[in-house]
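Fold and geometry: a report
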Amino acid sequence: GSCARRVRPLRLLLDPPGGVQAQRIPESPGVADTERRKQRHFSTFRPRRTGGGEMATSLRGVPCDACATEGAIKGALLGLMWGGFMGTYFGWQDNVRGRPLPIHIGGTLAVNTAGFAAFCGIYQGLLCTLEAKRRKQDIFNPAAAGFLTGGVMGIIPGVRARQPKIVALAAVGTCVITTCVDQLRGSRQ
């Protein structure tokens, strides 16, 4: 019945035609057994799929979760540098001296590192996902990714101030900035 039709494609994924024998790597002369085991292990590795769908990959063939992770790491490094500079600058401006200065700098470092990492990770992940789903690199991708990222990042200040205008301003402002930067970079045709 209908159950057999649903199970068969799943069975083909788990046990391809030809069985496990079809996936074996031809043995190379002069390769040690441990090296063969490593080759066999890495040749059968498949990225984990969630929700039954395919993993989104950019047009360059990079998985979008890797793009988001790379963006978050670069953002964290940028936030670390910016937080160190701003923490020191505002610490001296506010006349913070002695023991409280390192605490002030550390707090600024933490906030800026987390904020920049979140912003860059969300933006890069959304940009990659949009490019993967649309199969295009055009002006719409950075605009939409910037709009969504700005909206997400503007939620906390908007809720704290009880003004939804902040969320809208952050979304539109980020959309404009990311689109302009992307066009100045000249990577899209």
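Residues numbered from 1 in each chain as written. Predicted model: local features only at pLDDT ≥ 70, side-chain atom pairs only at ≥ 80, totals over all residues. Heavy atoms only, no water.

Some remarks on the overall build of the protein
Defined as follows: In this description a helix means any DSSP run of H or I spanning at least four residues, a strand means any run of E spanning at least two, and both kinds are numbered starting from the N terminus. The buried label applies to any residue whose accessible area, calculated with a 1.4 Å probe on protein chains only, is under 20% of its type's maximum; exposed applies above 50%, and partly exposed to all values in between. Only heavy atoms enter the contact rule, under which two residues are in contact if any of them lie within 4.5 Å. For accessible areas, the Shrake-Rupley method is used with a probe of radius 1.4 Å. Any residue's cover is judged against the shown protein chains and nothing else.
Along the protein, the regular secondary structure elements total six helices and zero strands. Ordered by position from N to C terminus, the α and β elements of the protein give α-α-α-α-α-α. Within the span of the protein, comprising 189 residues, buried residues form 25% of the whole. Counting contacts in the protein only where the partners sit at least 6 residues apart, residues at least 24 apart contribute 57% of the total. Looking at the protein as shown, the accessible area adds up to about 13500 Å², and 64% of this sits on carbon and sulfur atoms.

Comments concerning the nonpolar core
Basically, it comes down to this: Grouping buried Ala, Val, Leu, Ile, Met, Phe, Trp, Tyr and Cys residues that are joined through side-chain atoms within 4.5 Å yields what is termed a nonpolar core.
Among the nonpolar cores identified, the biggest contains five residues, and these are Tyr123, Leu127, Leu130, Ala144 and Ala145. Among the elements of the structure, helix H4 (100–134) and helix H5 (140–161) are those that each provide at least two residues to this core. Looking at this core, the element that brings in the most residues is H4, giving three residues.

A word on the state of the cysteines
Stated formally: Note on terminology: pairs of cysteine sulfur atoms within 2.5 Å are recorded as disulfides.
For the structure on display, the rule yields one disulfide. Here Cys64 engages in a disulfide with Cys128; their sulfurs sit 2.2 Å apart. The S-S bond linking Cys64 to Cys128 shows a torsion near -80 degrees; that makes this disulfide left-handed. In this pair, Cys64 sits in helix H3 (residues 64–93) while Cys128 sits in helix H4, placing the two residues 64 residues apart along the sequence. Given a relative accessible area of 6%, Cys64 falls into the buried group. A relative accessible area of 3% places Cys128 in the buried class. Not part of a disulfide, Cys180 finds its nearest cysteine sulfur in Cys175, a span of 9.0 Å. The exposure class assigned to Cys180 is partly exposed, which follows from its relative accessible area of 42%.

Here's the deal with the side chain of Asn141
Structurally, the position occupied by Asn141 is in helix H5. Judged by its relative accessible area of 0%, Asn141 is buried. Aside from chain neighbours lying at most four places away, what touches Asn141 is Leu127, Leu130, Glu131, Arg134 and Lys136.

Digging into the side chain of Thr113
The criterion, for reference: Counted as a polar contact is a pair of N or O atoms within 3.5 Å, where, for protein atoms, one must be capable of donating a hydrogen and the other of accepting one, and residues adjacent in sequence contribute only when both atoms are in side chains.
Residue placement: Thr113 occurs in helix H4. Polar side-chain contacts of Thr113 include one of 2.7 Å to the backbone oxygen of Leu109.

Some details on the pattern of salt bridges
A side chain with one charge can pair with a side chain of the opposite charge if their charged atoms come near. Just so we agree on the cut-off: The term salt bridge refers to a pairing of a side-chain nitrogen on Lys or Arg with a carboxyl oxygen on Asp or Glu at a separation within 4 Å.
Counted by the stated rule, this structure contains three salt bridges. Glu70 serves as the salt-bridge partner of Lys74, at 3.0 Å between the closest nitrogen and oxygen. Linking Lys74 with Glu70, this pair stays in helix H3, spanning four residues, or about one helical turn. Of the charged contacts in the structure, one is a salt bridge between Arg185 and Asp182, with a shortest N-O distance of 2.7 Å. One end of the pair, Arg185, and the other, Asp182, are both in helix H6 (residues 164–185), three residues apart, so they sit about a helical turn from each other.

Brief notes about the packing of H3 against H4
Working note: a packed helix pair is described by the angle between its axes plus the distance between those axes. Where we set the bar: Fitted lines through C-alpha atoms serve as axes, helices being fitted only where they are in contact, and the angles separating the N-to-C directions of these axes extend from 0 to 180 degrees. We call two directions roughly parallel when the angle between them is under 35 degrees, roughly antiparallel when it is over 145, roughly perpendicular when it lies between 65 and 115, and oblique otherwise. Crossing chirality is assigned from the near helix's rotation relative to the far helix, an anticlockwise turn below a right angle marking it left-handed and a clockwise turn marking it right-handed. Here the term charged refers only to Asp, Glu, Lys and Arg, the term nonpolar to Ala, Val, Leu, Ile, Met, Phe, Trp, Tyr, Cys and Pro, and the term polar to all other amino acids, Gly among them.
Running from N to C, H3 and H4 cross one another at 150 degrees; their axes reach a closest spacing of 5 Å. If you check the angle between H3 and H4, you find them roughly antiparallel. Once H3 is placed against H4, the crossing between them reads as right-handed. Of the residues in the contact of H3 with H4, the class split is 19 nonpolar, 16 polar and no charged.

Keep in mind that these numbers describe shape and distance, not what the molecule does.
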